[in-house]
Amino acid sequence: MARLTSGFWVQAYLARLRLMEIPAFVVAHGDDTAGAVLVKLNTLDGSASAYQRSFDLMSGERVWVELASGAEAEVDGSIQRQRGFDPDLWVIEVEDRAGRHLLGEDGLD
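Worth saying up front: this structure is predicted, and the values here are computed from it rather than measured.

What the protein chain contains, in helices and strands, is 2 helices and 5 strands. Ordering the α and β elements of the protein chain from the N terminus gives α-β-β-β-β-α-β. Since a compact globule built from 109 residues should have a radius of gyration of about 13 Å, the 13 Å found for the protein chain is in line with a globular shape. Out of the 109 residues in the protein chain, the part that is buried amounts to 35%. Looking at the protein chain alone, contacts between residues at least 24 apart form 67% of all its contacts between residues at least 6 apart. With an accessible surface of roughly 6600 Å², the protein chain has 52% of that area assigned to carbon and sulfur atoms. Of the charged side chains in the protein chain, 10 are positive and 18 negative; the average position of the first set lies 2 Å away from that of the second.

Structure representation (structure tokens):
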């Protein structure tokens, strides 16, 4: 199965969020071809979560896992550390009081 470029996946994800009227924006533009993508969910109450794709060793599938959650400042610190390790990292911030990020939806895995 062919993999999408990171830039294409990000644009499709942002379009899907727009259709659901969920505000989102690119915080850090990573490598267009193969940059990893990290999604920060800001619930606008001082807390946040960050998600990254990982391999499930049991199934061999790629899944979204929670990298960090808690106070927004702590999550931002975790994201900054990740960017220090990987300058090609994309960071997308999603703002939704209901906690919707759509990462579990078909087509976004």
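Read on, since the account is not over.
What follows deals with the environment of A68. On the secondary structure map, A68 appears in strand 4 (residues 62–71). The spatial distance from the C-alpha of A68 to the C-alpha of K40 is 9.2 Å, given a sequence separation of 28 residues. Excluding residues that lie within four positions of it along the chain, A68 makes contacts with A48, S49, A50, V75 and S78.

Attention shifts here to helix 2 (residues 72–85). For helix 2, built from 14 residues, the straight-helix expectation of 20 Å at 1.5 Å per residue is met to within 8% by its first-to-last C-alpha distance of 20 Å. Residues of helix 2 that are buried in the fold lie against strand 2 (37–42), strand 3 (47–55), strand 4 and strand 5 (90–95).

Let us look at the confidence of the model for the protein chain. Model confidence for the protein chain is summarised by a mean pLDDT of 92, while 95% of its residues fall at 70 or above. For the protein chain, per-element mean pLDDT is lowest for strand 4, which scores 92, and highest for strand 5, which scores 98.

With that settled, consider the pairing of strand 2. Counted residue by residue, strand 2 has 6 buried out of 6 residues, so it is predominantly covered. Residues V37, V39 and L41 point to one face of strand 2 and L38, K40 and N42 to the other, with burial holding for every one of them. In this sheet, strand 5 lies alongside strand 2 in parallel orientation, the contact comprising 6 bridges. Opposite V37, over in strand 5, you have W90 as the bridge partner. Direction of pairing for strand 2 relative to strand 3: antiparallel, over a ladder of 5 bridges. Paired with L38 across the bridge in strand 3 is Q52. Where strand 2 hands over to strand 3, the hairpin turn is made up of 4 residues, of which L44 adopts a positive phi near 60°.

What counts and what doesn't
Residues numbered from 1 in each chain as written. Predicted model: local features only at pLDDT ≥ 70, side-chain atom pairs only at ≥ 80, totals over all residues. Heavy atoms only, no water. Helix = DSSP H or I, 4+ residues; strand = E, 2+ residues; numbered from the N terminus. Rg over C-alpha atoms; globule rule 2.2 N^0.38 Å. Buried < 20%, exposed > 50% of the residue type's maximum accessible area, 1.4 Å probe, protein only. Contact = heavy atoms within 4.5 Å. Areas by Shrake-Rupley, 256 points an atom, 1.4 Å probe, with all protein chains shown as cover. Lys, Arg positive; Asp, Glu negative; His and termini not counted. Charge placed at Lys NZ, Arg CZ, Asp CG, Glu CD. Expected span 1.5 Å × (residues − 1). pLDDT = per-residue confidence, 0-100. Pairing = 2+ DSSP bridges.

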